[in-house]
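# Topology and contacts: notes
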Amino acid sequence: MTGDLLNEVVSAIPMPALMVDQTERIIAANTDSRTLLGQNIVGRHFATILRQPQVIDAIEQSLRSKGTAKARHLSNDGAQDTTFEIQCRYMKGVGAVEGGVVLATFQDVTHLEQASQMRRDFVANVSHELRTPLTALMGFIETLRGPAREDVNARDRFLQIMNDEANRMNRLVGDLLSLNRVESEERVRPKEQLELTGLLESTLNSLRPLADDAGVVLKLNAPDAPISLVGDSDQLRQVFTNLIENAIKYGGSGGSVDVLVTISERDAAMRGPAVRVQIVDKGPGIDAVHLPRLTERFYRADSHRSRELGGTGLGLAIVKHIVNRHRGRLRVESDLGKGSVFTVILPR
């Protein structure tokens, strides 16, 4: 097989690929491998190009054994770390003095590594969130069985704390189940016809006791005409309940939370007819550094205060997935000292 034919074979492989012959030099490389490793790699000793020990060992093993080998190649594309799985296959009868070559292909498995890391982070976060209340419960149970067995006042106080911690775990488990449910349904378009203004009024009525306790006035400003759209009423109620409840808890110091509804025949974000629901508070606002990460699981702009107020760190992640299911958009704007605006944009 001639050098030109070897280059044609390697160029036809739809991933980075190169060939190393018995002289341990790279004799062919396709465009993808040149982009990954450098333009002038043909003719160079493979160890000067592939400097990672596990990769060098795999190619040497394949050359010696005339068999297969594999390894991981770690790199960076300028934006993120990347991981490639290298498969080495021996081809006999070609290369220098027809002594055979090793064909090495590089399969990008970065997305699999990232998914695996996300799963590990998720398990670690859930474990951390559950460990704190569980530790508190175990400590108070031990105290109640020992030193505080006959102390009525301490027993009542500890039982109240235990009840709060158990409720916190219950909320966390509930949000985890809700997140799992909305993620599993995210690709299924809702088909229910609903009236948005009535849904918002019902949501506000259910939250007025919470607002009254916080000294917050809830206001709805919506068009007089009914607003009809296709959606899942239970999930959208969950979205607006979460956002308005957050505005009361974290932005209620401004004294009011406004819900503004506007209709557009051509919304720039949706490139078509849409309705915008804005939840506006006049509280302390959110530092701009936190805004891009607010919808991440377990991310909290103020973790201590969030836990004190019963937050699980999953609410906005649930909101994001529900809005995505409705093919909508979620926008967050905030200035420190001036309050926050959470905007849900839904197609009509």
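Above this note sits the structure.
Residues numbered from 1 in each chain as written. Predicted model: local features only at pLDDT ≥ 70, side-chain atom pairs only at ≥ 80, totals over all residues. Heavy atoms only, no water.

## Side note on the pattern of salt bridges
Counted under the stated rule, the structure contains 11 salt bridges. Ionic pairing is found between Glu185 and Arg325, a salt bridge with its closest N-O pair at 3.8 Å. Placement of Glu185 in the loop between helix H6 (152-184) and strand S6 (193-195) and of Arg325 in helix H10 (residues 315-325) is noted, with a sequence separation of 140 residues between them. A relative accessible area of 28% means that Glu185 is categorised as partly exposed. Overall, Arg325 belongs to the buried group, its relative accessible area being 8%. With its nearest N and O atoms 3.2 Å apart, the salt bridge here joins Lys282 to Asp258. Placement of Lys282 in the loop between strand S10 (272-281) and helix H9 (303-308) and of Asp258 in strand S9 (residues 256-267) is noted, with a sequence separation of 24 residues between them. Through salt bridges with shared partners, a single network forms among Arg72, Glu85 and Glu113. (Salt bridge = Lys/Arg side-chain N within 4 Å of Asp/Glu carboxyl O. Helix = DSSP H or I, 4+ residues; strand = E, 2+ residues; numbered from the N terminus. Buried < 20%, exposed > 50% of the residue type's maximum accessible area, 1.4 Å probe, protein only.)

## Here's the deal with the sheet that holds strand S7 (residues 217-221)
The sheet built from five strands is open, its strands ordered S7-S9-S10-S12-S11 with mixed pairing. Because the sheet does not close on itself, it has two edges, and the strands there are S7 and strand S11 (329-335). For this sheet, the mean angle separating the axes of adjacent strands, direction not counted, is 15°. Here five bridges tie S7 to S9, and the two strands are oriented parallel to one another. Each residue of the ladder has a partner; that of Asn221, found in S9, is Leu260. The strands touched by helix H8 (residues 233-251) within the sheet are S7, S9, S10 and strand S12 (339-347), with S10 carrying the most contacts at an inclination of about 30°. (Pairing = 2+ DSSP bridges. Axes fitted to C-alpha atoms, helices over the stretch in contact; angles between N-to-C directions. Contact = heavy atoms within 4.5 Å.)

## Considerations on the sheet that holds strand S5 (residues 101-108)
Here we have five strands laid out as an open sheet, ordered S2-S1-S5-S4-S3, and antiparallel in their pairing. Two strands in the sheet have a free side with no partner beyond their single neighbour: strand S2 (26-29) and strand S3 (69-76). Here the strands of the sheet are splayed against their neighbours by 25° on average, with no regard to which way each runs. Where strand S1 (residues 17-21) and S2 come together, three bridges link them in antiparallel fashion. Looking at S2, one finds that Val20 is bridged to Ile26. Sitting on the sheet, helix H4 (residues 53-65) touches S1, S3, strand S4 (81-91) and S5, and the angle it makes with S3 is about 150°. Most of the contacts of helix H5 (residues 110-145) go to S4, to which it runs at about 130°, and overall it touches S3, S4 and S5.

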